[in-house]
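As a plain string of letters, each chain reads:
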Amino acid sequence: MKSPAMNIPILDLKAQYAAIREEINQKVLAILDSQNFILGAEVRALEEEIASLSGTRFAVGVSSGSDALIISLMALGVGAGDAVITTPFTFFATAGAIARVGAELVFCDIDERTFNLDSERLREVIERRMKRKPGRAGSRGKKGRGGKRTLRATGRRTGREQAGQLKAVIPVHLYGQCADMDPILAVAKEYGLAVVEDAAQAIGSEYPSQRGVKKAGTMGALGTLSFYPSKNLGGCGDGGMVLTESQKLADKLRCLRQHGDTKKYYYKMLGGNFRLDALQAAILRVKLRHLNAWQAMRRERATTYDRRFAESGLVAAGLVKPPVAVYKNCGITNYHTFHQYVVRAKKRDALQAFLKEKGVGTSVFYPLPLHLQKCFAYLGYKRGDFPVSERAAKEVLALPMYAELTPDQQDYIISCFKQFYGN
Ligand SMILES: Cc1ncc(COP(=O)(O)O)c(C=O)c1O
């Protein structure tokens, strides 16, 4: 086989490192010299910087984006006997966290365009569960104090005798675009559910809410970030953060991330080791200084893709570019940070194989929706339950997207698409 004209990886972390090598190396050496590795000044400084970037009061550094979700649910007291709603079209960790704390996992389908949780479907899922309450079919639940509805219902899907009480919902800001949060928050409020935003892919993304422009992760009770190396702000290993406006929740998170201790070797609650380490924090602080510039470059690359795809005639022929939603409540566009640039494509698998042959790296986020994963078979979901997610899983394809991506590389990628679809 002839070697391809270009090799364009889906992600090029080496190019990013090359540009900031000296800054990073100096910081790493300073941490090694200090021999202070656990929490400490670097973690505190990063927490302050991320809180300030996000416009929230508190940020608590933790060991990963997955642990950020787990510890958030723990801080809200969610566990066995409770139920949490989320999307089946997300990275595994969102749903895994719910199951890991012992709560019942309830899925809700997504919006066709944005791939994010849909507030109307969320309401339907809640209402449907309430109707299933034994002996109270058709009940909309009791209104408790504050007009909130009390939700306890038995569903066929739990694989258990008793279904959980709905406690929370986790919208995910997939690919770097915020879910339509105002209506989601309104439904959650109406039914007394806490909102934990999974902003693992959306650091710095903005949503034009009715209360002004809000950053991803700052609209619910808690918001979680991931610093996995491939993220827009990625460490040299695992890391994560939880954002909140609540002093009480921040204190609880700090306690839980260190086994639940209040002072050394005295434990008031059951936590775990969920700490962010100083090396990651120090490296992340260096990268944070570049984040705004990198985000702008990602958005610029996304605009170039959009324009070049439109010019190529591929869009008219059915290729779907990533939509940037204009949310109803406000005329201005939301700020998508393009963690991924994801198209919907006909003959997706053949296209991906063709691009690979041409040296273009791509990825499918995600090929099998979570309700169909083997480890969640006990929930009793089946194919067809969440058609929008299932269709997305067959059509999405993420293209190379990073600040260092060059116009020539993007031209080459477009030309490969044209070859595949026959101009
Ligand atoms: C949507 C989403 N949630 C959670 C996570 C988990 O983050 P981490 O890999 O840092 O544990 C990720 C990471 O890929 C993610 O994309």
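What this report covers is the structure whose coordinates are included nearby. Worth saying up front: this structure is predicted, and the values here are computed from it rather than measured.

**Some words on the environment of I71**
Piece 1. In this fold, I71 is placed in helix α3 (residues 65-75).
Piece 2. A C-alpha to C-alpha distance of 46 Å links I71 and K418, two positions 347 residues apart in sequence.
Piece 3. Ignoring any residue separated from it by four or fewer positions in sequence, one finds I71 in contact with V62, V242, L253, L256, R257 and F274.

**Details of the nonpolar core**
Piece 1. Core analysis: the biggest nonpolar cluster contains 113 residues, and I71, L73, V84 and A168 have the highest contact counts within it.
Piece 2. By residue number, the principal contributor to this core is helix α8 (residues 278-311), which donates 9 residues.
Piece 3. Two domains share this core, each providing at least three of its residues, namely domain 1 (16-286) and domain 2 (290-421).
Piece 4. Dropping the residues within four chain positions of it, A168 is found in contact with L73, L76, V78, V84, L193, A194, V195 and V196.

**Concerning the packing of helix α5 (residues 119-131) against helix α6 (residues 181-190)**
Piece 1. Axis separation between α5 and α6 bottoms out at 9 Å; the angle between their running directions is 20°. With respect to their mutual orientation, α5 and α6 come out roughly parallel. Helix-helix and strand crossings are classified by hand; for α5 and α6 the assignment is right-handed. Between α5 and α6, the contacting residues are S119, L122 and R123 on the first element and P183, I184 and V187 on the second.

**Focus on the site of the ligand**
Piece 1. The environment of the ligand is made up of 15 residues, and the closest members are S64, G65, S66, A200 and S226.
Piece 2. Going through the elements one at a time, α3 and α4 (92-100) are the ones with two or more residues in the shell around the ligand.
Piece 3. In the shell around the ligand, the residues fall into 5 nonpolar, 8 polar and 2 charged.

**Quick look at the sheet that holds strand β1 (residues 58-62)**
Piece 1. Taken in spatial order, the 7 strands make up an open sheet running β1-β11-β10-β7-β6-β2-β3, and their pairing is mixed. Pairing within the sheet leaves two strands with one partner each, and these edge strands are β1 and β3 (104-107). The mean inter-strand angle of the sheet, taken between neighbouring strand axes irrespective of direction, is 25°.
Piece 2. Direction of pairing for strand β10 (residues 222-226) relative to strand β11 (residues 240-244): antiparallel, over a ladder of 4 bridges.

Reading the values: the criteria
Residues numbered from 1 in each chain as written. Predicted model: local features only at pLDDT ≥ 70, side-chain atom pairs only at ≥ 80, totals over all residues. Helix = DSSP H or I, 4+ residues; strand = E, 2+ residues; numbered from the N terminus. Contact = placed C-beta atoms within 7 Å. Core = buried A, V, L, I, M, F, W, Y, C linked by C-beta atoms within 7 Å. Buried ≥ 20, exposed ≤ 12 C-beta atoms within 10 Å, placed from the backbone. Domains from an automatic or database assignment. Axes fitted to C-alpha atoms, helices over the stretch in contact; angles between N-to-C directions. Parallel < 35°, antiparallel > 145°, perpendicular 65-115°, else oblique. Left-handed = near helix turned anticlockwise from the far one by under 90°. Near = placed C-beta within 6 Å. Nonpolar A, V, L, I, M, F, W, Y, C, P; charged D, E, K, R; others polar. Pairing = 2+ DSSP bridges.

Purely spatial values, then, with no claim about function.
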